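# Structural features, examined
Chain by chain, the residues:
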Amino acid sequence: MQQISLKINGRQYHLLVDDHEMLSHVIREKVGLTGTKVGCEQGSCGACTVLMNGKAVLSCITPAMRCDNAEITTIEALAKDGKLHKLQEKFVEKGAIQCGFCTPGMVMTALSLTPTLTKEKGEDSFLFQIKEGLSGNLCRCTGYKKIIEAVVEYASEYTDKEQINEIEVITKQTLKGAVGVPRPYIEAEKKVRGAAEYADDIMAKNALHCKFLRSIHSHALIEDIDFQDALNLQGVHYIATGKELPVKFGVLPISQDETAIAIEKVRYIGEIVAAVAADTEEIAVAACKLIKVKYKPIKAFLSIDDSLNDVGENEKIHTYGKFNNNIHKKAELRFGDQPQGISEADVTGKMSFEFDGINHGFTEPHAATASWDENGLTIITATQVPHYLHRALAKVMEVPLSSVRVVKPYLGGGFGGKSDPFPHEIIVAHLARKTGRPIKVRLSREEVFLTNHGRHPSRMTVEMGISKDGILKVLDADIAIDGGAYGSFGVVTSYYNGVLLQAPYKLNNFGFRTYRVYTNKPQCGAMRGHGAVNSRFAVESLIDDLAFQIKMDPCELRMNNFLDSNTLTVGQYRITSNGSRESLEKVMEQSEWKKRIGKLKKGKGIGVACGFFISGSALPIIWNELPQSVVHLKLDFDGRVLITSGSSDIGQGSDTMLAIIVSEVLGIGLDKIFVLAADTLLTPVDFGSYSSRVTFMVGNAAKDAAENLKKEIIEALAKQQDINSEELNFTDNRIFSYDKKIDLSWLEVVDILTANRGAVSVSGKYISPKLGGDFKGAGAGLSPSYSFGAVVAEVDVDTETGYVKVTNIWGAHDCGKAINPLAVEGQLEGSWHMGLGQAVSEQMKYYKGLLFNNNFLDYKIPTSLDTPDIHANIIETIDPEGPFGAKEAGEGAIHPVIPAIANAVFNAVGVRITKLPINVEDILAKMKENRLLSEKMNG
Amino acid sequence: MILAKTYIKATSVGHALALANESGGSFRYLAGGTDVMVNKFQGNDEADLLIDISDIESLKDISSTDSHLIIGASACLDDLKKNQIIALHFSILLEAANAVASPTIRKTATIGGNLLCENRCTFYNQSAWWREAAGHCLKCNGPTCLASGGNKNCFSKFVSDTAVVLISLNATIEVIDSEGISIIPLENIYTGDGVNPRQLSKTAIIRSIQIPLLEDSISVFKKLRKRETLDFTSLSTAVTLRKNGKLRIALGGVHAKPVIVDGSIGDDLNALISQSVSKTRIIDNDTYSKSYRKEMITVFLKRSFEVLKLS
Ligand SMILES: Cc1cc2nc3c(=O)[nH]c(=O)nc-3n(C[C@H](O)[C@H](O)[C@H](O)COP(=O)(O)OP(=O)(O)OC[C@H]3O[C@@H](n4cnc5c(N)ncnc54)[C@H](O)[C@@H]3O)c2cc1C
Ligand code: SF4
Ligand code: FES
Ligand code: FES
């Protein structure tokens, strides 16, 4: 411990710091400036960037002692006199902020970058300098597109003063209006200031810190745990082991197979074996090292094949199940007649594919704080689904539902990875009860990877047949997915892999069989595009191949086979609006497809693919009669409308969406609308942010609520004077009739409404219509509406190294109606960027069940330099049931991009990609094979 | 309880040496600290005493004599481009420096630190918990090498991007320790033993790096990695052709030390390539496979020869 003085944001501090303490820790924990984020602690994400004496440094690897007498500038210092810094304004205006977790680091990096930029070498070089300059800062949400736009504009102004005025005009324009007007998130300013509190930013008074001891075996019996030495360590308050928390949980009612801490045996390397509550994190870590566990390793099952087989004498991973193997779920559905389809086809193709698992890679690590008081448990946690966590906590803690309050603070990205109830959440609740103190936990990046719940490693064989004139006759898929140690969403994932192949093409003969197996690895679950990303890849690759075989343009082939609007699929999905055609037309036109296909030189290629996705699942996860979503509005004397909703804004902009919808219906400005969301005590139940359901379902509930409020207003007015409600307009903060007999300001109306009554509360809800067939499995993938889309990707393949550089992504997505086009673009760009990662660089690699690449250096999320130009096109088809016609936009777009890239590789070098991520070595090997083949044929 | 850790900022090279000599226990010099701090975070570096040499001004100078360009060991990678001579004559060094880590890291990382950046391996650059779960390998005091499945030698990768370039440029380094000052060819400090990859005396400080100025030369640098930034090398190649017809090839990422092959204009290029390949010790401890990295040596060298108009 030494004392240092440092000036942070102009204020002098004298602080006692540990000699080996990092600057990030001092800034956040000792000074309390939590705008600086910590995403990896290993210098590989950039979230912690601050300025030290004017120079950007990564505070997570800068010793605090080095900063003695230094000046530190953090994000909190940029806004001056209540006004944002110009660069911050640009981030807000351009929509460069989604979850906002990378934002502070990104802004600080951009700030220090700007003075070094030069336009002397032209615009391309200028853009490159910016992409390169930001390349140490990872963003998982935006695909960097809007971030780069923001920095380009700011930096241009910085060098080029004349442009400033013009830009300011645009700013004003983009900030007004309601549905359909592009606007930044309502909380964007808070995020860009570093003022938004994320789970790890919450500093509960008198809190203890929690750390875990994790298993070092894949599959082993726990013979003994001796934690006496650890307990004796000064500062240790409690050590919990599995038997204290015997109740099983899981997100699906049919897969309640996990306990918070392993009991009797461990099922993967990384599973929690004991949890320590101590005065500090450091003490908790030291205590974990003192805990002695005696394991008896038993046979581990690490591959799909291993787990499909009979286990013989060995112990199964989970005991239940009829058979002596590790199959978790089998599902099979058949429609039409596949053998018949095959016989009708002129050309058939059958291909096998393999996919590595991938991780969500959200930038904010999980964190939570739990405490108990007279009302029971309160947990503030980074979750996408407060509601399911609410239920799981009540179950495992064995308290009534009414004793659990789950609060979601700002959330740094989820993508499905924060949508299960997690062991760490349950453990801190338990420790808080045992110690009577608040307990805080935050996971390291390594622990985030071990917690996983990411995309399943999968393999599948798909067969399709087509007629000579390009009509698809049959699709049959045989799929196996590797679920890891527990169930999670896996049963749904299993079905989605199959059922979500029944569109966007018309198929009369369609069937699939899918298996999910347990293996001794971190569990897999839901991830953006849930379930169908890999099987979509297989089908779109196979279609590309069939097109090649029958010598038909793959775009034309797809056009020939699209389902229509207002139709049923073979498995009885009700398709309402369908923008497949428009989407494909758009990307063909933008990529100059017709001009270029077949005319590119070797190494360069373009490829196409399409996709579709659900706008929320029509059935709830836990069967009950609750509406899918309920939204409350409260209007009080001050004219302010408070929206309360259980929905979780995870960076996708759902709070803003709610505000826009209410604003549109009531014709009042966003300044009069306040959103309070995701607090299971204060807000009505919403099922959560998964399956792309929020805009459709919660949006509809909000619209319903706003319309109910409108009715109340009209009724109140009708009591005063004779009115025709049809003729009333709610616009621009006024309520008026065309003949202007009624012409009132919002506040005048509010006075009338609240007279002798006070605040008015109304409720709105969304209940999905009854849909689907009545066969077993009919419910899987049912949705009140589906999104559609298409992507053309362009690649440049180095024929000697196999390196695939994606040079352009043109995408179009039918989201029904863009409630907020800026946010929709952001979702699309983020989806395509994430798909790019799965296509070319991301994979979870294991060594005997131990995850190799559990950090942001070795798990390779594309940086700003690896991300090509992304061209987002919104297609609007105005869905009859979506709020203002809106459908999903958060997940579906990831489906087409991955096969489009792979198909472009085929176009470039004639190599069909059957494994993800694309492996340079496979490309080289197959190119060699192709060459040998053609030499043989010619010679 | 938790061990007392110490940090001291050295005010001069002499001060740093004295601290090191007195330390008794484990110490580590800290330049930028961008390699050390991550290794500490992962528990690979357990030094109790950190001697921060980043404030010693005399280590940051970049100057030149008639015969040499002299780069202070603590010169920041990002600052190299500001020097006229480097920009004009050694743009290849800038290329290599710019290939290190990320732009923000390069503002802190030094060239001296880069030369001494710890060797890497997928089994080694992991947390203490991970290495325990995997079973400790040679570099973590374990019995055998995990990457090769049982080797008794460690071939953790030598990864410094600037070192391969500097070696191809015939650079020397000026080293100070309690014995005095010595000037040695850069390559001489690398042992090829992945567990102890460098043979500088424990307290030695690199003061500067000297690059011969008189030997007019052109060079080509290439780096293999998955992403276009941030990633450590899976293979780096530097080829320098001097006016006098001498050719020097240096490879990184394919052995525990840099691999060096000397030749001259007119040599059989394929022979130079096979000589380079045969000197490597590649094992599967990288994101790319052993065979791919090997194959790419040929591709990279051929391409470099083309740029140098040798082929
Ligand atoms: C995300 C990330 C990516 C990275 N990518 C790369 C990469 O692509 N390529 C690469 O080469 N490196 C990379 N690095 C490692 C590191 O950033 C660089 O090697 C950097 O140049 C090290 O310099 P430094 O000044 O920070 O060294 P330090 O960490 O301070 O020191 C490194 C070693 O050198 C010793 N040392 C430093 N200076 C002296 C001296 N003058 N005399 C004697 N001993 C000295 C230290 O004691 C220590 O052992 C990366 C690091 C991170 C965090
Ligand atoms: S090469 Fe072998 S011994 Fe060396 S670090 Fe890697 S696994 Fe360990
Ligand atoms: S937290 Fe510092 S770089 Fe990731
Ligand atoms: S906005 Fe960049 S990580 Fe979420």
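Just above, that's the structure.
Report on the accompanying structure.

The rules behind each value
Residues numbered from 1 in each chain as written. Chains lettered and ligands numbered in written order. Predicted model: local features only at pLDDT ≥ 70, side-chain atom pairs only at ≥ 80, totals over all residues. Heavy atoms only, no water. Helix = DSSP H or I, 4+ residues; strand = E, 2+ residues; numbered from the N terminus. Rg over C-alpha atoms; globule rule 2.2 N^0.38 Å. Contact = heavy atoms within 4.5 Å. Areas by Shrake-Rupley, 256 points an atom, 1.4 Å probe, with all protein chains shown as cover. Lys, Arg positive; Asp, Glu negative; His and termini not counted. Charge placed at Lys NZ, Arg CZ, Asp CG, Glu CD. Buried < 20%, exposed > 50% of the residue type's maximum accessible area, 1.4 Å probe, protein only. Pairing = 2+ DSSP bridges. Right-handed = clockwise from strand over helix to strand, strands pointing away. Phe/Tyr/Trp six-rings, centres within 6.5 Å; stacked < 30°, edge-to-face > 60°. Lys NZ or Arg CZ within 6 Å of the ring centre and 35° of its normal. Near = heavy atom within 4 Å. Nonpolar A, V, L, I, M, F, W, Y, C, P; charged D, E, K, R; others polar. 1 Å grid on protein atoms, 1.4 Å probe; cavity = no way out; pocket = protein on both sides within 12 Å on 5 of 7 lines; lining within 4 Å. Points joined across faces, edges and corners; volume = space filled by probe spheres on them. Polar contact = N/O pair within 3.5 Å; in protein donor to acceptor, adjacent residues only side chain to side chain. Axes fitted to C-alpha atoms, helices over the stretch in contact; angles between N-to-C directions. Parallel < 35°, antiparallel > 145°, perpendicular 65-115°, else oblique. Left-handed = near helix turned anticlockwise from the far one by under 90°. Core = buried A, V, L, I, M, F, W, Y, C linked by side-chain atoms within 4.5 Å. Buried area = accessible area lost by both parts, 1.4 Å probe. Salt bridge = Lys/Arg side-chain N within 4 Å of Asp/Glu carboxyl O.

## Digging into the overall build of chain B
Along the backbone of chain B there are 10 helices and 12 strands. The C-alpha atoms of chain B give 19 Å as radius of gyration, which agrees with the globular expectation for 311 residues (19 Å, within 12%). Principal-axis analysis of the C-alpha atoms places the extent of chain B at approximately 65 × 50 × 35 Å. Within chain B, residue pairs in contact and separated by at least 24 positions form 61% of the contacts whose partners lie at least 6 positions apart. Here chain B has roughly 11900 Å² of accessible surface; of this, 50% comes from carbon and sulfur atoms. Across chain B, the centroid of the 35 positively charged side chains sits 5 Å from that of the 32 negatively charged ones.

## A few points about the overall build of chain A
Helix and strand counts for chain A stand at 25 helices and 36 strands. Rg of the C-alpha trace for chain A: 28 Å, near the compact-globule value of 30 Å for 939 residues, within the 12% margin. Overall, the C-alpha framework of chain A stretches about 85 × 80 × 65 Å when taken along its three principal axes. Counting over 939 residues, chain A shows a buried share of 65%. Counting only contacts in chain A whose residues sit at least 6 apart along the sequence, the fraction spanning at least 24 positions is 78%. Total accessible area on chain A is roughly 32600 Å²; 50% of this is exposed by carbon and sulfur atoms.

## Quick look at the pairing of strand S3 (residues 49–52) of chain B
Residues and elements named next belong to chain B. By the alternation rule, side chains of S3 split into Leu49 and Ile51 and Leu50 and Asp52, which are all buried. Direction of pairing for strand S1 (residues 6–9) relative to S3: parallel, over a ladder of 4 bridges. Bridging from a neighbouring strand, isoleucine 8 pairs with isoleucine 51 of S3. Crossover handedness for the path strand S2 (residues 27–30) to helix H2 (residues 36–41) to S3: right-handed.

## Section: the packing of aromatic side chains
The final tally for this structure, using the stated rule, is 30 aromatic pairs over all chains. On the basis of an interplanar angle of 80° and a centroid distance of 6.5 Å, the ring pair of A:Tyr268 and A:Tyr486 is categorised as edge-to-face. A residue pair is termed long-range when its members are at least 10 positions apart, and A:Tyr268 in the loop between strand S9 (265–266) and strand S10 (272–278) and A:Tyr486 in the loop between strand S19 (472–482) and helix H15 (490–499) qualify at 218 residues. In terms of burial, A:Tyr268 and A:Tyr486 fall into one category: buried. When the ring of A:Phe449 is compared with that of A:Phe856, the centres are 6.1 Å apart and the planes differ by 85°; the resulting orientation is edge-to-face. With a gap of 407 residues between them, A:Phe449 in helix H14 (residues 445–451) and A:Phe856 in the loop between strand S34 (850–851) and strand S35 (869–875) connect regions that are remote in the sequence. Each member of the pair A:Phe449 and A:Phe856 is classed as buried. The structure contains a cluster of three or more aromatic residues connected by ring pairs, namely A:Phe335, A:Phe510, A:Phe512 and A:Phe775. The ring of A:Phe323 carries the charged tip of A:Lys330 above its face, separated from the ring centre by 5.3 Å. When the ring centre of B:Phe232 is taken as origin, the NZ or CZ atom of B:Arg120, which lies over that ring, is 3.7 Å away.

## As for the site of ligand 2
Taken together, 14 residues form the shell around ligand 2, and within it B:Cys121, B:Cys137, B:Cys145, B:Ala147 and B:Cys154 come nearest. For the shell around ligand 2, a count of residues per class yields 11 nonpolar, 2 polar and 1 charged.

## Overview of the sheet that holds strand S36 (residues 915–916) of chain A
All names here are of chain A. Across the sheet, 6 strands lie side by side as S12-S20-S19-S18-S13-S36; this open sheet has mixed pairing. Edge positions in the sheet fall to strand S12 (327–335) and S36, since each has one partner strand and no second. Pairing of strand S13 (residues 347–355) with strand S18 (residues 458–466), which is carried by 9 bridges, proceeds in the antiparallel orientation. By the bridge assignment, serine 352 is partnered in S18 with threonine 461.

## Observations concerning the pairing of strand S23 (residues 604–614) of chain A
All names here are of chain A. The element S23 is extensively covered by neighbouring structure, given that 10 of its 11 residues are classed as buried. Both S23 and strand S31 (residues 786–797) contribute to a ladder of 11 bridges, which runs antiparallel. Across the sheet, isoleucine 606 pairs through a bridge with glutamate 794, a residue of S31.

## Points about empty space enclosed by the protein
All told, the structure shown has 13 cavities of 30 Å³ or more when counted by the stated rule. Taken as a whole, the largest cavity spans an internal volume of roughly 220 Å³. A:Tyr803, A:Val804, A:Val840, A:Ser841 and B:Lys226 are the residues nearest the centre of the largest cavity, which is lined by 16 residues in total. No other element matches strand S32 (residues 804–814) of chain A, which puts 3 residues into the lining of the largest cavity. For the lining of the largest cavity, a count of residues per class yields 9 nonpolar, 2 polar and 5 charged. Of the pockets and cavities examined, the second largest cavity occupies roughly 110 Å³. In this structure, the second largest cavity is lined by A:Arg214, A:Glu258, A:Thr259, A:Ala260, A:Tyr268, A:Glu271, A:Ile272, A:Pro423, A:His424, A:Thr451, A:His453 and A:Gln523. Of the residues belonging to the lining of the second largest cavity, the class tally is 4 nonpolar, 5 polar and 3 charged.

## Thoughts on the environment of A:Asp346
Residue and element names in this part refer to chain A. Looking at the secondary structure, you find aspartate 346 in the loop between helix H11 (338–344) and S13. Linking aspartate 346 and lysine 473, residues 127 residues apart in sequence, is a C-alpha distance of 9.2 Å. Discounting residues that sit within four places of it in the chain, aspartate 346 has contacts with Ile466, Ser467 and Lys468. A distance of 2.5 Å separates the side chain of aspartate 346 from the backbone nitrogen of lysine 468, its partner in a polar contact.

## Brief notes about the packing of helix H16 (residues 533–549) of chain A against helix H17 (residues 554–561) of chain A
Residue and element names in this part refer to chain A. Contact geometry of H16 with H17 gives a least axis separation of 9 Å together with a crossing angle of 110°. With respect to each other, H16 and H17 are oriented roughly perpendicular. Handedness of the crossing formed by H16 with H17: right-handed. Counted together, Glu540, Ile543, Asp544 and Ala547 of H16 and Pro554, Leu557 and Arg558 of H17 form the full contact between these two elements. Looking at the contact of H16 with H17, its residues break down into 4 nonpolar, no polar and 3 charged.

## Section: the nonpolar core
Within the largest apolar cluster, 228 residues are counted, with the highest numbers of intra-cluster contacts made by A:Phe91, A:Ile427 and A:Leu584. Looking at which element gives the most residues to this core, the answer is helix H24 (residues 894–909) of chain A, with 10 residues. Not counting chain neighbours up to four residues away, the residues in contact with A:Ile427 comprise A:Cys210, A:Phe212, A:Leu245, A:Ala260, A:Ile261, A:Ile272 and A:Ala275. One finds A:Cys48, A:Met52, B:Leu93 and B:Ala163 within the second-largest nonpolar core, a separate group that totals 71 residues.

## Topic: the site of ligand 1
Neighbouring residues of ligand 1: 37 residues in total, closest B:Tyr29, B:Gly32, B:Gly33, B:Thr34 and B:Thr110. Proximal residues around ligand 1 fall on chains A and B, making this an inter-chain site. The side chain of B:Asp161 places a nitrogen or oxygen atom 2.7 Å from a nitrogen atom of ligand 1. Burial of ligand 1 by the protein amounts to 97% of the accessible area it has alone, namely 970 Å². Secondary structure elements with two or more residues in the shell around ligand 1: S2, H2, helix H6 (111–115) and strand S8 (205–212) of chain B. Take the shell around ligand 1: its biggest share by element is 3 residues, from S2(B).

## Let's talk about the sheet that holds strand S6 (residues 208–214) of chain A
Residues and elements named next belong to chain A. Spatially, S8-S10-S6-S17-S14-S15-S16 is the arrangement adopted by the 7 strands of the open sheet, whose pairing is mixed. Because the sheet does not close on itself, it has two edges, and the strands there are strand S8 (236–241) and strand S16 (404–407). Across the sheet, the axes of successive neighbouring strands diverge by a mean angle of 20°, strand direction being ignored. As paired elements, strand S15 (residues 376–381) and S16 share 4 bridges and run parallel to each other.

## Describing the side chain of A:His833
All names here are of chain A. Tracing the chain through its elements places histidine 833 in helix H23 (residues 821–840). Of note is the side chain of histidine 833, whose polar atom sits 3.0 Å from the backbone oxygen of proline 862. Those residues within four positions of histidine 833 in sequence are excluded, and the remaining contacts are Cys139, Gly143, Tyr144, Ile861, Pro862, Thr867 and Ile870.

## Concerning the interface of chain B and chain A
Frequently, the measure chosen for interface size is the accessible area that the parts lose on association. The interface is formed by 57 residues belonging to chain B together with 64 residues belonging to chain A. When the buried surface of chain B facing chain A is broken down by residue, B:Trp129, B:Arg227 and B:Glu228 rank first, second and third, together holding 15% of it. A salt bridge links A:Glu132 to B:Arg106, with the shortest nitrogen-to-oxygen separation between them at 2.6 Å. On inspection of chain B and its partner chain A, the count reaches 29 residue pairs in polar contact (both at pLDDT 80 or more).

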